[in-house]
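Per-entry structural report
The chain contents come next:
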Amino acid sequence: MRKSVVLIISTISLLAIIAIGLIFQRAKIYDETVYIEEIIVKSVKIGDDFFETYYYDHETDYGYRVKDPNKDHNAQFAIPYQENLTMLIIYEVKPETSTNKNVTFHTTIHDDIERQIATVERDSGLVTFLQDGTASFDLRAVDNPATTTKIKIRTKDFSFD
Amino acid sequence: MKKRRFILPMLVPLLVVGLLLTSCDDIIDPTTTDPTTTDPTSSDPTPSDSITDTTGDVDRGELLRLEYVSGLKEQYMIHEQIDLDEVNVQAVFENDSLLVTGKDLTFNPLVPLTNTIGVYHLEISYLEKSITRTYWVVEFDEIDNLDLPSSIAAYQAYISEKGVDKRSEFMDRTQGYFVGSDNPWRFFPEIEAYDDDGEEVSVSAYHSSSKIFEKRAGEYVQLTGDDLDNVVTIDEFASTYHFTSAAIDKTYRLTVRPYGEKYATKAKYEVSFEIKVTQGYNVTKQDDLLHFDNYNSYWDPYRASKNITPINISGLILHNDIKLKEENIADGFKYLEGDADVKLTDKDYDRVIGSLRDNNDLYRRTIGAGEHFVFNGNYFNIDYTALPYVVREGERIDEEPGKVISHFSIFKVHGEDDTAGNFTMKNLSATGNANRTEVGIKSGGGMFLKVNKSITNFYNTIVKQAFTILISENEAEKIIIEKSRGYDTFSSLLYSWGTIDFTIKDSEFIGAGGPVIIADHYDHADDGTGGYPSNVKVINSKLESWVFGQENWFTLVSAIAVVPQIIALGVGLRVYGTNTIIRGGMTEDGPAEKFNLIGVMKSGGAQAPTSDKIQGTFQIDETVGLDFDGPFMSAVAPYMPVEMPRFQSSGGEVALHDGEKLVDASNQPIIPYEYTNQNHFSGDYMNVYFNFGGNGHLGIVFGLADYITDY
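A few points on the structure. (Residues numbered from 1 in each chain as written. Chains lettered and ligands numbered in written order. Predicted model: local features only at pLDDT ≥ 70, side-chain atom pairs only at ≥ 80, totals over all residues. Heavy atoms only, no water.)

Regarding the overall build of chain A
Rules: Numbering of helices and strands starts at the N terminus; helices are DSSP runs of H or I of at least 4 residues and strands are runs of E of at least 2. Here's how the labels work: a residue is buried when its accessible area is under 20% of the maximum for its type, exposed when over 50%, partly exposed in between, all with a 1.4 Å probe on protein chains only. Contacts are residue-level and defined by heavy atoms, with any inter-residue pair within 4.5 Å sufficient. Throughout, the Shrake-Rupley method with a 1.4 Å probe supplies accessible areas, and for residues the shown protein chains are the sole cover considered.
A count of helical and extended segments in chain A gives 1 helix and 10 strands. Listing the helices and strands of chain A from first to last along the sequence gives α-β-β-β-β-β-β-β-β-β-β. The buried share of chain A, taken over its 161 residues, is 52%. Nonlocal contacts in chain A, meaning residues at least 24 apart in sequence, comprise 54% of its contacts between residues at least 6 apart. Counting only carbon and sulfur atoms, one obtains 53% of the accessible surface of chain A, whose full area is about 8,600 Å².

Some thoughts on the sheet that holds strand β5 (residues 106–108) of chain B
Residue and element names in this part refer to chain B. Let me state the cut-off plainly: Two strands make a pair as long as DSSP finds a minimum of two bridges between them. In this analysis, axes come from line fits to C-alpha atoms, helices being fitted only over the stretch in contact, and the angle between any two N-to-C directions falls in the range 0 to 180 degrees.
Taken in spatial order, the 4 strands line up as β2-β7-β6-β5 in an open sheet, and their pairing is mixed. Edge positions in the open sheet fall to β2 (75–77) and β5, since each of these has one partner strand only. The sheet shows a mean angle of 35 degrees between the axes of neighbouring strands, taken without regard to direction. Relative to strand β7 (residues 129–138), strand β6 (residues 118–126) runs antiparallel, the two sharing 9 bridges. Paired with L122 across the two strands is R133, which belongs to β7.

Thoughts on the pattern of salt bridges
Residues and elements named next belong to chain B. The condition that has to hold: The salt bridge definition used is simple: a Lys or Arg side-chain nitrogen within 4 Å of an Asp or Glu carboxyl oxygen.
Per the counting criterion, the structure on display carries 49 salt bridges over all chains. The partner of R357 in a salt bridge is D339, with the nearest N and O atoms 3.0 Å apart. Residue R357 is located in the loop between α5 (349–352) and β22 (361–367), and its partner D339 is located in the loop between β21 (322–323) and α5; the two are separated by 18 residues in the primary sequence. Between K412 and E473 there is a salt bridge, and its shortest N-O distance comes to 3.0 Å. With K412 in strand β25 (residues 409–415) and E473 in the loop between β29 (470–472) and β30 (478–482), this pair connects stretches of sequence that are 61 residues apart. A relative accessible area of 7% means that K412 is categorised as buried.

From the geometry alone we can't say anything about function, so treat these as descriptive.
Here it is, written out as structure tokens:
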């Protein structure tokens, strides 16, 4: 090896030692991951309309609901069912500095399609109701699926009333 | 005056006698059999206006009335059970009042009815007084449909295929859902019910109608009569299913719907789910984990305070995510005010109260010889992000945080005496309280699992943000980590503390605050022999930990001084090829070199880098592995200067540094890349043997790749 190369290596080592000693007095993580701590369902979009949500907190059940716009208190909205009714779940995450803000959407999968009330696209949150009824949808943080929230959405076929 | 003096003393005894005479009728003789005597234990008390409650030697006087306090609803759903133990009544006495709970009350009827819709009256009695409460039993006005329980919805989400980001995807999603036979399992569907105003009704109990099908040769056969009773006991009001040993290793499909003609036919009133039955205890909450622990006496007072009787379990199965909370940890694990080893004048007093005591394991199990304990997570998550930290390493008091190397683990398994048991932990994810961070207190975070003197299979797991995910100790015979993922740990992702067979297979471990693996030779002699060497085997796995060398771990183990040497080596290696052990990274302060620190092999007696003579191997697939006693190190053993590092790529090329340049094993100069246009080293890894003046070497495994920059 050329002496100049050895000299360069030695110089870099010495400079590095000095630099580390002077500058890096404390431990530093340059790319720390910030995880999602909370997922909030802001609204549900049906067509061009946005419907507010509220948080239902009961001993045996909890999660977001679509607010009935016709009532002045928090009550679950029975969305009029029509064939192939679709809607979009709108959410936000906290903290705002989360490294990965993405969530995935899930609903229970029944082995019999006749029991399936609705489906949801995993990545977009697009819900499709296959029949009238109430379905629950979990939103889970991609960086930690145990960080989750839930929304129940009810549709009702008023044509029978 | 004299007359008054005479009369008054006479009046006093007369007054006393008079008082005695009038109170005679009020004295109760508990030994008489007179039917007018009030006996609080009598089932048919005779009304009396003069009952005295002397419970607990307190004379409360006459019982005046009962006042209802709580515990009963005005409305129950049909078939909902009423828990009379929850009823509270205020007994109002002349001199006092007493809150009386259900177990001390009598009710008529003994079991309140809810089997038909209607209005019911419940008489509540205490001593001789009674009150009546009225309740209604109602039908659901409207059930939209049934849905699988929310825990099953979570299970399905966990086993689903993930998108582009696979870090949260289980590698084996086909294991199925297990139910234990040691205790009942509750399967309570989501019942979407509403009243006639369309308001949501939360249903906490219902009368279920169940069908059980046994899977035989691929077909489902419904079980009835004795066939059904032999495998399971069903409580259709509690929605519980207690499988027997006859059901173990078999697969069942459970189908439930609400009882009643109205719900008998429509598909959306029914839910169905497939399960496999196995030995083990069904766990739904943190306190259930206590049955795993058969070692820690710290739990004894906690168990007593919560009336938890230890059960000898044969395995453990989760049915829920479990978030560990500090309030559910026994006091013995923590430093508390008033403890003998905590003083107001301690430099860490503001941090130590409530912190965890080092060198403890929250849930520890001794496994007997021949025993195989299976901890099946059923794909659920254990979250210990809220756990306190270790503030004192051992008993050392530090003025500033960030100096602790934690030895606290959430779970530990230890073989019994001189024999090794078998332990499997599988299908589980965990989230810890110590990610790779600048926050110093997280150096006191919890390790997830420690194993010792057992044959361990860590299968299909995902663990993030632990101090270290798994440490296998000196007497652990064998551990295989398979189809598992680990990310973002404060310290190393894995640790072998003298484990002779430490295998990582089909797995992925990325993003430690230090190396992916630390592998120690524990308790060796000065000449490097004896004790417990580590032999690490990596098969078809991705291991990666890009560090700048300034992370907390390097400070903790006093390795910061080695970093400039590593970077210098990386720079120097570029003379001999396009590949090297460093890469150009970008920080908040500008560009800086980083390196992929796969493994560190050192003496188990030291926390800081040393070059004591040790044994051990680090083998990645079929490549050339690090081996202190291998052909390369044996061949160059006599070469001097011994202080210069020795290089061995996974492709088999070797080099030593003679103080001026790199030479090969025959002491011939290695020709630089500029003259050959060929990399001297090949392969994906570089084994480097460092000497700091001892009689041996520190072994480090780096990633080896073409030099690139992130910017």
